[in-house]
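Residue strings, one per chain:
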Amino acid sequence: MNKLDKFLYKNLSPKIGKLIDKLFLTNIGKRGTNYYHNYYQNDYSFDSEKYCFIAVPKTGGWSFRRYTEKHNLPFYTFEKNALHNPVSLNCPPGKYKYVTILRNPIDRSYSEYQMNLKLNDVAARRGLINFFKTCTDARNVYCQYYSGLIGDIVDERIYNIAIKNLKNFKAIIDFDNYSADINNFLKQFNIENKEEIHENKSKYNSVSDNQAEVIKIYNYWDIKLYNEILNKKIPLEWLINF
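All values reported here derive from a predicted model rather than from experimental measurement.

Break down the pattern of salt bridges for me, with residues and values.
Two side chains bearing opposite charge may form a pair once their charged atoms approach each other closely. With the rule as written, the count across this model stands at six salt bridges. A salt bridge links arginine 108 to glutamate 112; its shortest N-O distance comes to 2.8 Å. In this pair, arginine 108 and glutamate 112 both sit in helix α4 (residues 105–118), four residues apart, roughly one turn of the helix. A relative accessible area of 0% means that arginine 108 is categorised as buried. Taking the relative accessible area as the measure of exposure, glutamate 112 reaches 8% and is therefore buried. Across the salt bridge formed by glutamate 213 and lysine 216, the nearest N and O atoms sit 3.5 Å from each other.

Listed below in structure tokens is the structure:
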């Protein structure tokens, strides 16, 4: 990236984007920043002997990556050391080794909303419903990341691609069993670890029942995926005919 592009996407784009978001009730302000940080890339390639960590936002990805770096594990490093990228369409799971962390989609989504509130995001400031209504990249995020079709509106086709891909991942860590699952993963590399792993724990008010129901409506496909992959039982029946 040359100096002009760096200035445009790092400095100018976020400021103009925030103004547009405020005037037209959109959510395009982050696009330049995401491009600058090399997020949301789905066309990368990596050595099939390495692992690739798919870090969906607010699933404890930073803590996990610190351990892969600390122990020099054979993980692919994205350009600019980026963290939040989906499955690559050039490297299908099954032929390539992927690892991810799955968190209850209601908790994950609410945590992302709280993070955006802290960042003074225009859409988040207008409330939870407006945040999910406006931000397509905050809805059914698992399906977007695991299908590789980041930014697309999730439907049954994308859900099925995500499920198929995820079933071919080398490891899926359950956020509810975070330290134990990661320690079990580390044992594959003959690494014994006894300490608590998840370090970046945000503090905010718990999600209310009403907020949880709103999140379910906007994240139907992610909850369905989470239930199937980890054999969880978040109820969805009433949403089918919503």
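Give me the state of the cysteines: which residues, what numbers.
In the structure shown here, the tally under the stated rule is zero disulfides. Unpaired in this structure, cysteine 52 has its nearest cysteine sulfur neighbour in cysteine 91, at a distance of 7.8 Å.

Break down the pairing of strand β1 (residues 51–54) for me, citing the residues and quoting the values.
On β1, burial covers both faces: Tyr51 and Phe53 on one face and Cys52 and Ile54 on the other are all buried. Strand direction decides the pairing type here: β1 and strand β2 (residues 97–102), joined by four bridges, are parallel. Residue phenylalanine 53 lies in a different strand from β2, and its bridge partner there is valine 99. Each parallel crossover has a hand, and the one from β1 via helix α3 (residues 61–70) to β2 is left-handed.

Could you give an account of the packing of aromatic side chains, naming the residues involved and the relevant values?
For the structure shown, the criterion picks out 27 aromatic pairs. Between tyrosine 51 and phenylalanine 189 the ring centres are 5.7 Å apart and the planes differ by 70 degrees, which places this aromatic pair in the edge-to-face class. With tyrosine 51 in strand β1 and phenylalanine 189 in the loop between α9 (178–187) and α10 (209–218), this pair connects stretches of sequence that are 138 residues apart. A relative accessible area of 22% means that phenylalanine 189 is categorised as partly exposed. Each ring, one from tyrosine 76 and one from phenylalanine 78, has its centre 5.0 Å from the other, and the planes form 80 degrees; the classification is edge-to-face. The exposure class of phenylalanine 78 is buried, given its relative accessible area of 7%. Of the aromatic side chains, those joined through ring pairs into one cluster are Tyr44, Phe46, Tyr76, Phe78, Tyr96, Tyr98, Tyr142, Tyr146 and Phe169. When the ring centre of tyrosine 51 is taken as reference, the NZ or CZ atom of lysine 97 above it lies at 4.5 Å. Positioned over the ring face of phenylalanine 175 is arginine 103, at 4.5 Å from the centre of the ring.

Help me get a handle on the nonpolar core, residues and values and all.
Judged by nonpolar contacts, the single largest core of 46 residues is most densely connected at Ile54, Tyr98, Leu102, Phe131, Cys143, Tyr146 and Leu225. Apart from residues no more than four positions distant in its own chain, leucine 102 is found in contact with Tyr142, Tyr146, Leu166, Ile172, Ile173, Asp174, Phe175, Leu225, Tyr226, Ile229 and Leu230.

Residue-level account of the environment of phenylalanine 64, with values.
Inspection of the secondary structure puts phenylalanine 64 in helix α3. Here the alpha-carbon distance between phenylalanine 64 and isoleucine 182, two residues 118 residues apart in the chain, equals 7.7 Å.

Describe the environment of asparagine 130, naming the residues involved and giving the relevant values.
Structurally, asparagine 130 is set in helix α6 (residues 128–134). On the accessibility criterion, asparagine 130 (15% relative accessible area) is buried. Among the polar contacts listed, one links the side chain of asparagine 130 to the backbone oxygen of alanine 123, at a separation of 3.3 Å.

Give me the sheet that holds β1: which residues, what numbers.
Overall, parallel pairing links the three strands, which are arranged β1-β2-β3 in an open sheet. Looking along the sheet, the strands with just one partner apiece sit at the ends: β1 and β3 (171–174). Across the sheet, the mean angle separating the axes of adjacent strands is 20 degrees when strand polarity is ignored. Relative to β3, β2 runs parallel, the two sharing four bridges. From the neighbouring strand, valine 99 faces β3, where its bridge partner is alanine 171. Against the sheet, α9 touches β1, β2 and β3, its axis set at about 155 degrees to β3.

Could you give an account of the packing of helix α8 (residues 156–166) against helix α11 (residues 220–230), with specific residues and numbers?
Interhelical geometry of α8 versus α11 gives an angle of 30 degrees and a closest axis separation of 11 Å. Relative to α11, the element α8 is oriented roughly parallel. Crossing angle aside, the handedness with which α8 passes α11 is right-handed. Contacts from Glu156, Tyr159, Ala162, Ile163 and Leu166 of α8 reach α11 at Trp221, Lys224, Leu225, Glu228 and Ile229. Considering only residue class, the contact of α8 with α11 consists of seven nonpolar, no polar and three charged.

Rules of the game
Residues numbered from 1 in each chain as written. Predicted model: local features only at pLDDT ≥ 70, side-chain atom pairs only at ≥ 80, totals over all residues. Heavy atoms only, no water. Salt bridge = Lys/Arg side-chain N within 4 Å of Asp/Glu carboxyl O. Helix = DSSP H or I, 4+ residues; strand = E, 2+ residues; numbered from the N terminus. Buried < 20%, exposed > 50% of the residue type's maximum accessible area, 1.4 Å probe, protein only. Disulfide = S-S within 2.5 Å. Pairing = 2+ DSSP bridges. Right-handed = clockwise from strand over helix to strand, strands pointing away. Phe/Tyr/Trp six-rings, centres within 6.5 Å; stacked < 30°, edge-to-face > 60°. Lys NZ or Arg CZ within 6 Å of the ring centre and 35° of its normal. Core = buried A, V, L, I, M, F, W, Y, C linked by side-chain atoms within 4.5 Å. Contact = heavy atoms within 4.5 Å. Polar contact = N/O pair within 3.5 Å; in protein donor to acceptor, adjacent residues only side chain to side chain. Axes fitted to C-alpha atoms, helices over the stretch in contact; angles between N-to-C directions. Parallel < 35°, antiparallel > 145°, perpendicular 65-115°, else oblique. Left-handed = near helix turned anticlockwise from the far one by under 90°. Nonpolar A, V, L, I, M, F, W, Y, C, P; charged D, E, K, R; others polar.

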